[in-house]
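# Overview (structure and organization)
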Amino acid sequence: MANIKSQIKRIKTNEKARLRNKSVRSSIKSAVRKFRDTVTAGDAGAITTELRTASKALDIAVAKGVLHKNAAANKKSSMAKAAAKAGAR
């Protein structure tokens, strides 16, 4: 354990940020997983809705600094490609 006051504060803030980031990452994974399940089911309307939801979750993660914008763009691109292949767009 650190014995410098500023380092003790940094440890506390880092832990808060870690938990926040963990929550956001979990929600991203859930949204993407739900999208993939919808694609395998094949309902075009639901695919579009889930794609929009997952894209929004990725955008929120980028805004919060949890995910790099290019990583989110790559994920969104691959999901859009999968949706197009399933015939949703």
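Our subject is the structure listed above.
For the rest of this paragraph, the subject is the overall build of the protein. Across its full length, the protein carries three helices and zero strands. When its helices and strands are written in sequence order, the protein yields α-α-α. In terms of overall size, the protein is more extended than a compact globule, its C-alpha atoms giving a radius of gyration of 17 Å where 89 residues would be expected to give roughly 12 Å. Projected onto the principal axes, the alpha-carbon positions of the protein cover approximately 60 × 20 × 15 Å. Restricting to contacts in the protein with at least 6 residues of sequence separation, those with at least 24 account for 53%. Counting only carbon and sulfur atoms, one obtains 52% of the accessible surface of the protein, whose full area is about 6,400 Å². Of the side-chain charges in the protein, 22 are positive and 5 negative, and the distance between the mean point of each set is 12 Å.

Once that is clear, we can look at the nonpolar core. Residues Ile 28, Phe 35 and Met 79 are the most contacted members of the largest nonpolar core, which totals 15 residues. If you list the elements that add at least two residues to this core, you get helix 1 (5–41), helix 2 (44–64) and helix 3 (69–86). Looking at this core, the element that brings in the most residues is helix 2, giving six residues. If we ignore the near neighbours within four places in the chain, the residues touching Ile 28 are Ala 57, Leu 58, Ala 61 and Leu 67.

Rules of the game
Residues numbered from 1 in each chain as written. Predicted model: local features only at pLDDT ≥ 70, side-chain atom pairs only at ≥ 80, totals over all residues. Heavy atoms only, no water. Helix = DSSP H or I, 4+ residues; strand = E, 2+ residues; numbered from the N terminus. Rg over C-alpha atoms; globule rule 2.2 N^0.38 Å. Contact = heavy atoms within 4.5 Å. Areas by Shrake-Rupley, 256 points an atom, 1.4 Å probe, with all protein chains shown as cover. Lys, Arg positive; Asp, Glu negative; His and termini not counted. Charge placed at Lys NZ, Arg CZ, Asp CG, Glu CD. Core = buried A, V, L, I, M, F, W, Y, C linked by side-chain atoms within 4.5 Å. Buried < 20%, exposed > 50% of the residue type's maximum accessible area, 1.4 Å probe, protein only.

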